[in-house]
Amino acid sequence: METLVLVNLFHELALKGENRPFFLRKAKAHVREALKGTAARLEAEWPMALLFRLPQEAWLEAKERLKDTLGVEGFARVLRTPPDLKALEAALEETLKRERFESFRITAKRSDKTFPLTSPEIERLLGAFVKEKTGARVQLKGAERELVVRILPNAALLEVERHPGPGGLPPGVSGKVVALLSGGIDSPVAAYRLMRRGAEVVLVHFHPFPLLSGQSREKAKAIAERLARFQHRITLHLVPFSEVQRQIILEAPKAYRVVLYRRYMLRIAEAIAKEEGALALATGDSLGQVASQTLENLHVVNQAATLPVFRPLIGFDKMEIKAEAERIGTYAISILPDEECCTLFAPKHPVTRAQLSVALETESRLDTERLIALALEGREVVRYTWPGQKPLPKAQEKAPIMEHGPLDG
């Protein structure tokens, strides 16, 4: 047996004016890619929807994939009938044999305006039929079961099982961004928020290996693999940061260590952004959450970059971020133990109101260009694709070393 699946695209895509065909083309390609390997075949296509036929045994896998497919507002397993009331009643009767509910509503969506009945008339007639068959009451708001009927040219569709999608825009329609990925809860959520707005995200993780174990690298890889579900292709740069930290520790006032770590992370991420053709950086900062995220400290850190620095979570609290991390599946990975760069040799009393003059004076004693080149030279690059493929082996990836000048603001 086979199953029909109707995929509805996110309503925002319909508001794009003259650029709408571009956005819709990208969204539809992203949906088709998500269903690769499920034997799904495109049956029909409309401006804001796609209808697929796939083997019944592939439905559960397709459902899990579509739940994570950006640009999808919702999707449903449907029955297709001829476009007449009797055929719809027969399909409803078959569906109702497997269901029990106390209240319901019928929602009719009539795309074919030549159909002789209006949407409210269809809803009244089919509602009376369902009420007679089940004894359930009609309830327009908060009904236990909503039965959606779509009238199309030459066919009607009855939604049997409906699920929400993540919404958002398809990957790549909003350019490319380099996101700093720590081992914590926040930064994967920040990366996801940008993906959901159509940005193609490249990840950069700074690790303390070989000074400490490679635990944080493995954790970053697991997070990147999870985030690949949303974007389908993702690049992770794993950057050794221990030598940069060692030099900062030798020269910097203790209280300024973390602020200076973060300034150098932005510089290195910006060098990678220039290689990748990205136009912005992103971090998981939330205003006031920790000492390094005060407004004064964020201001001093920002001056190390010339590209815009996006902070999608700046107004989120920890509980909101945690809830989002659980929803997208990164929370369980993020709470695994590891050794983060920013906690390594972190002072007991870090500065909360950093002054740019102190940071610049300290950095004047450091060979910034050499430290950036050293970090870039030692990095590992891993590319993930999804669904159904493993990351490219390390031997196939060689990180390029770019020539760059001073990146200080």
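Residues numbered from 1 in each chain as written. Predicted model: local features only at pLDDT ≥ 70, side-chain atom pairs only at ≥ 80, totals over all residues. Heavy atoms only, no water.

The protein chain has the name Probable tRNA sulfurtransferase in an unreviewed UniProt entry, where Thermus antranikianii is given as its organism. Database annotation for the protein chain, UniProt heading Sequence similarities (unreviewed entry): "Belongs to the ThiI family." Of the protein chain, the UniProt comment under Subcellular location (unreviewed entry) reads exactly: "Cytoplasm". (UniProt positions renumbered as here; feature names shortened; annotations may be inferred.)

Assigned secondary structure in the protein chain consists of 13 helices and 14 strands. With respect to the principal axes defined by its C-alpha atoms, the protein chain has extents near 85 × 40 × 40 Å. The proportion of buried residues among the 409 residues of the protein chain is 54%. About 18,900 Å² of surface is accessible on the protein chain, with carbon and sulfur atoms providing 53% of the total. (Helix = DSSP H or I, 4+ residues; strand = E, 2+ residues; numbered from the N terminus. Buried < 20%, exposed > 50% of the residue type's maximum accessible area, 1.4 Å probe, protein only. Areas by Shrake-Rupley, 256 points an atom, 1.4 Å probe, with all protein chains shown as cover.)

We now examine the sheet that holds strand 1 (residues 2-9). The mixed open sheet is built from eight strands, whose spatial order is 2-3-1-4-8-7-5-6. The sheet terminates laterally at strand 2 (41-46) and strand 6 (137-138), the two strands that pair on one side only. Strand direction decides the pairing type here: strand 5 (residues 103-110) and strand 7 (residues 145-152), joined by seven bridges, are parallel. Bridged to Ala108 within strand 7 is Val149. (Pairing = 2+ DSSP bridges.)

What follows is about the packing of helix 7 (residues 242-251) against helix 8 (residues 257-276). In contact at an axis separation of 10 Å, helix 7 and helix 8 are set at 140° when each is read in the N-to-C sense. In terms of their interaxial angle, helix 7 and helix 8 are classed as oblique. Both helix 7 and helix 8 take part in a crossing whose hand is right-handed. Seen from helix 7, the contacting residues are Val244, Gln245, Ile248 and Ile249; seen from helix 8, they are Arg257, Leu260, Tyr261 and Tyr264. Across the contact of helix 7 with helix 8, the residue classes tally to six nonpolar, one polar and one charged. (Axes fitted to C-alpha atoms, helices over the stretch in contact; angles between N-to-C directions. Parallel < 35°, antiparallel > 145°, perpendicular 65-115°, else oblique. Left-handed = near helix turned anticlockwise from the far one by under 90°. Contact = heavy atoms within 4.5 Å. Nonpolar A, V, L, I, M, F, W, Y, C, P; charged D, E, K, R; others polar.)

This next bit is on the nonpolar core. Soluble, globular proteins show a tendency: their nonpolar side chains are buried together. Ranked by size, the top nonpolar core spans 38 residues in total, and within it Val178, Phe206, Phe241, Ile248, Ile268 and Leu281 carry the most contacts. Sorting the residues of this core by element identifies strand 9 (176-180), strand 10 (200-207), helix 7, helix 8, helix 9 (295-302) and helix 13 (368-377) as the ones contributing at least two each. No other element matches helix 8, which puts twelve residues into this core. Setting aside anything within four residues of it in sequence, one finds Ile248 in contact with Arg257, Leu260, Tyr261, Tyr264 and Leu366. One finds Ala179, Ala190, Phe230 and Tyr331 within the second-largest nonpolar core, a separate group that totals 34 residues. (Core = buried A, V, L, I, M, F, W, Y, C linked by side-chain atoms within 4.5 Å.)

Close approach of charged atoms allows side chains of opposite charge to pair. For the structure on display, the rule yields 38 salt bridges. In this structure, Arg197 engages Glu12 in a salt bridge whose closest nitrogen and oxygen atoms are separated by 2.8 Å. Of the two residues, Arg197 is situated in the loop between helix 5 (186-196) and strand 10 and Glu12 in the loop between strand 1 and helix 1 (20-34); the sequence distance between them amounts to 185 residues. For Glu276, the salt bridge goes to Lys176, with nearest N and O atoms at 3.5 Å. Taken together, the residues span a long stretch of sequence, with Glu276 in helix 8 and Lys176 in strand 9 at a distance of 100 residues. (Salt bridge = Lys/Arg side-chain N within 4 Å of Asp/Glu carboxyl O.)

For the rest of this paragraph, the subject is the UniProt feature "binding site: ATP" (unreviewed entry) in the protein chain. As annotated by UniProt and renumbered to match this structure, "binding site: ATP" (unreviewed entry) occupies Leu180, Leu181, His205, Phe206, Arg262, Gly284 and Gln293. Following the sequence through the fold, Leu181 ends up in the loop between strand 9 and helix 5. A relative accessible area of 3% means that Leu181 is categorised as buried. Beyond its immediate chain neighbours, meaning those up to four positions away, Leu181 contacts Ser187, Pro188, Leu203, Val204, His205, Phe206, Ala220, Ile223 and Leu236. In this structure, Gln293 sits in the loop between strand 12 (280-282) and helix 9. Once residues within four sequence positions are removed from consideration, Gln293 is found in contact with Asp285, Ser286, Leu287, Gly288 and Leu298.

Before going further, it helps to spend a moment on the sheet that holds strand 14 (residues 380-385). In space, the six strands of this open sheet follow the order 13-12-9-10-11-14, with mixed pairing throughout. Looking at which strands have only one partner, the edges of the open sheet turn out to be strand 13 (309-310) and strand 14. Here strand 10 runs beside strand 11 (residues 233-240); their pairing, made up of five bridges, is parallel. Bridge pairing in strand 11 places His205 opposite Leu238. Strand contacts of helix 5: strand 9, strand 10, strand 11, strand 12 and strand 13, with the helix running at about 165° to strand 10, the strand carrying the most contacts. Across the face of the sheet, helix 6 (residues 215-231) comes into contact with strand 10, strand 11 and strand 14 while running at roughly 160° to strand 11.

For the rest of this paragraph, the subject is the side chain of Thr330. Inspection of the secondary structure assignment puts Thr330 in the loop between helix 10 (318-328) and helix 11 (331-334). For Thr330, the contacting residues outside a window of four places in its chain are Pro188, Arg226, Leu227 and Ala325.

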